[in-house]
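The primary structure of each chain is shown beneath.
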Amino acid sequence: MTHDTILPFSFPAVHAKKVTAAFDGGRLTSNGGVMLLAMADRRLGLADRLARVFPDRRDPTRIVHSLADMFRARMFAICCGYEDADDLDHLRCDPAFKLACGRLPDTGRDLCSQPTLSRLENAPRLRDVIRLTYALVDAWMDSYAQEPATITLDIDDTCDVVHGHQQLSLFNAHYDERCFLPIHVYDTDRSRPVAVILRPGKTPGGVEVRAHLRRLVRRIRTRWPTTRITFRGDGHYARPEAMNWCEDNGIDYIFGLSGTKPLARKVDEIADDIRTRRAIEHLSVLRGYAETCHQAKSWDRERRAIARIEATELGLDIRFVVTSLDVGSAEWVYDSLYCARGQAENLIKLHKTQLASDRTSCRSALANQVRLVLHTAAYWLMLTVRDAIPKARELATAEFATLRLRLLKIAARVVETATRIRLAFAAACPQADLIRGLPGALLPLGP
């Protein structure tokens, strides 16, 4: 006997019939949908892309698991809800995971274990981590068939509570936590991640914001020299250093702007008119817009500032944005352009809560950046599977947690014979007709 035997157990009787159970069903997996992730990885080539820019300093005579195989195993596990490397100690024997990583389910070698993955995360140097991060920027650009005329990139940071006194962790009074504040950049119109950068748990300053924008734009310009780029972010990205750099390099921006007394005085007349009209007409809410030229003390030039003025029964609420755009009405710039950045918050939630990218518990900041890269790669796999779903299906717009429950966490019996491998899914699988068509939709694109 090669496997431990767990004793049978019982459930309450049903219609006077005894219900017994045992773990003797054979080579079953609860992750049968991981094969869809394998198809998505073949289509994108993500694991191979990351492995190409990751130097392998191991002794070639002792290598058992290739870098690409380790990346695949970790990405597939994250997608299936196993965000800890410890989970691979059990999943390394799972027949579906082995098959998805290109190994035979019964006779093939088991996948890598947690210690191997931990060494992988802690192996790279700073330049290696930078190359890994840029590899995902390149993957985003590859998702376009040709150079786009314009793109709008949303930049924001999110609280990532730390698990101890780790490198770059700081106490943040706003969140009342010791944390990181990693920066996320998304192509929100297409729900695609561009870059995720680990950083200290403090609000980014103007020099830091300028540095991040400069490096990202430099990478984009190597492939897309004529694309018009617009950055969109909240108030603490409206730094004079960042705005000056954008204006000097032909980059557009629209950032939130903190209201000040001098700025508020410039829209007082319009604000009073809106407040008065709301009271006279007995409306519950009345909204209006205004724009002005404004130069804060720290700015070296005047810039276009737009105000959204909303009068309610509770009082007056004014929100400002600053932009380099000289076209479009104030209402269009605020409501249609700036407010669309709210979708980026939803994408961060997918990345952070549904793919557990806040599990950055390594001591080293470089290792935690590697984890963010792997979680972002897992995001790409989930997004690719979702994009392959026909638009008429409800799952075509589902969140990742729903996709995991409906498409990935499904039971299957894996049978390996001399000439073939057979996956026997449950006959009662609710999404059987959809799963049947997805492998064809996920076939690699032609050259």
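Residues numbered from 1 in each chain as written. Predicted model: local features only at pLDDT ≥ 70, side-chain atom pairs only at ≥ 80, totals over all residues. Heavy atoms only, no water.

S.K.: Looking at this structure, I do not really get the nonpolar core. What am I missing?
M.R.: The nonpolar side chains of a soluble globular protein tend to be buried, and buried together. Counting 111 residues, the largest nonpolar core has L37, L50, F71, W140, L153 and L407 as its most contacted members. Element by element, the count of residues in this core is highest for helix α14 (residues 365–387), at eleven residues. Every residue in contact with L407, bar those within four places of it in the chain, is listed here: G33, L36, V385, I389, L395, Q431, L434, I435 and L438. Listed in part, the ten residues of the second largest apolar core include I306, A330, L337 and Y338. (Core = buried A, V, L, I, M, F, W, Y, C linked by side-chain atoms within 4.5 Å. Buried < 20%, exposed > 50% of the residue type's maximum accessible area, 1.4 Å probe, protein only. Helix = DSSP H or I, 4+ residues; strand = E, 2+ residues; numbered from the N terminus. Contact = heavy atoms within 4.5 Å.)

S.K.: Mind showing me how you'd approach helix α15 (residues 400–408) here?
M.R.: Every α-helix winds through 3.6 residues per turn, so residues three or four apart in the chain are directed the same way. Within the span of α15, buried status applies to F400, L403, R404, L407 and L408. What you see down the axis of α15 is that its buried residues fit within an arc of 105°, all on one side. Looking at the buried positions of α15, the neighbouring elements they touch are α1 (34–44), α3 (67–79), α13 (342–354), α14 and α16 (432–441). (Arc of directions from axis to C-beta.)

S.K.: Would you take a moment to explain empty space enclosed by the protein for this structure?
M.R.: One water molecule sets the probe size; rolling that probe over the atoms shows where empty space is left. Enumeration according to the criterion identifies two cavities of 30 Å³ or more in this entry. For the largest cavity, the calculated volume is near 40 Å³. T158, C159, D160, P182, H184, K352, S357, D358 and L372 together form the lining of the largest cavity. Grouping the constituent residues of the lining of the largest cavity by class yields three nonpolar, three polar and three charged. Volume-wise, the second largest cavity comes out at about 30 Å³. Lining the second largest cavity, in full, are T133, L136, V194, A195, V196, V373 and T376. (1 Å grid on protein atoms, 1.4 Å probe; cavity = no way out; pocket = protein on both sides within 12 Å on 5 of 7 lines; lining within 4 Å. Points joined across faces, edges and corners; volume = space filled by probe spheres on them. Nonpolar A, V, L, I, M, F, W, Y, C, P; charged D, E, K, R; others polar.)

S.K.: What exactly am I supposed to notice about the packing of aromatic side chains here?
M.R.: The geometry of an aromatic ring pair is captured by the separation of the ring centres together with the interplanar angle, meaning the angle of the planes. As enumerated under the stated definition, the model contains eleven aromatic pairs in all. Taking 6.1 Å as the distance between ring centres and 50° as the angle between the ring planes, the aromatic pair formed by Y186 and Y379 counts as tilted. Of this pair, Y186 sits in strand β8 (residues 183–187) while Y379 sits in helix α14, placing them 193 residues apart in sequence. Residue class for Y379 comes out buried when judged on its relative accessible area of 0%. (Phe/Tyr/Trp six-rings, centres within 6.5 Å; stacked < 30°, edge-to-face > 60°.)

S.K.: What exactly am I supposed to notice about the environment of M75 here?
M.R.: Considering the arrangement of structural elements, one finds M75 in helix α3. The residues touching M75, leaving out its near neighbours within four places in the chain, are D41, L46, A47, L50, L374, A377, A378 and L381.

S.K.: Can you help me understand the sheet that holds strand β15 (residues 412–416) in this one?
M.R.: In a beta sheet, neighbouring strands pair by backbone hydrogen bonds and run either parallel or antiparallel. As summarised here, the arrangement of the three strands in space is β3-β15-β16, forming an open sheet in which the pairing is antiparallel. Edge positions in the open sheet fall to β3 (28–29) and β16 (421–425), since each of these has one partner strand only. Examined bridge by bridge, β15 and β16 share five bridges and lie antiparallel to one another. Paired with R413 across the strands is A424, a residue of β16. (Pairing = 2+ DSSP bridges.)

S.K.: How do you make sense of the pattern of salt bridges when you look at a structure like this?
M.R.: Between side chains of opposite charge, a pair can form when the charged atoms approach closely. Counting across every chain of the model gives 36 salt bridges. A salt bridge links R371 to E121, with the nearest nitrogen and oxygen atoms 3.1 Å apart. Here R371 is found in helix α14, whereas its partner E121 is found in helix α6 (residues 114–122), with 250 residues between them in sequence. Accessibility classification places R371 together with E121 in one group, the buried group. Look at the salt bridges and you will find they share partners, linking D41, D48, D69, R72 and R103 into a network. (Salt bridge = Lys/Arg side-chain N within 4 Å of Asp/Glu carboxyl O.)

S.K.: How should I be thinking about the packing of α1 against α3 in this particular structure?
M.R.: The angle between the axes and the distance between the axes are what describe a pair of packed helices. Following both chains from N to C, one finds α1 and α3 inclined at 130°, their axes separated by 10 Å at the closest point. Viewed along their axes, α1 and α3 adopt a mutual orientation that is oblique. As α1 runs across α3, the sense of the crossing is right-handed. Packed against α1, whose contacting residues are V34, L37, A38 and D41, the element α3 presents R72, M75, F76 and C79 at the interface. (Axes fitted to C-alpha atoms, helices over the stretch in contact; angles between N-to-C directions. Parallel < 35°, antiparallel > 145°, perpendicular 65-115°, else oblique. Left-handed = near helix turned anticlockwise from the far one by under 90°.)

S.K.: I'm lost on the sheet that holds strand β6 (residues 170–172) in this one. Help?
M.R.: Here three strands make up an open sheet; going across it, the order is β5-β7-β6 and the pairing antiparallel. On the outer flanks of this sheet lie β5 (160–161) and β6, each paired with one strand and no other. Pairing geometry for β6 and strand β7 (residues 177–180), over three bridges, is antiparallel. Across the sheet, residue N172 finds its bridge partner in β7, namely E177.

S.K.: Looking at this structure, how should I read the environment of S364?
M.R.: Checked against the element boundaries, S364 lands in the loop between α13 and α14. Between the C-alpha atoms of S364 and L168, which are 196 residues apart in sequence, the distance is 8.8 Å. Once residues within four sequence positions are removed from consideration, S364 is found in contact with N122 and Q167. Within the structure, the side chain of S364 is placed 3.2 Å from the backbone nitrogen of L366, a separation counted as a polar contact. (Polar contact = N/O pair within 3.5 Å; in protein donor to acceptor, adjacent residues only side chain to side chain.)

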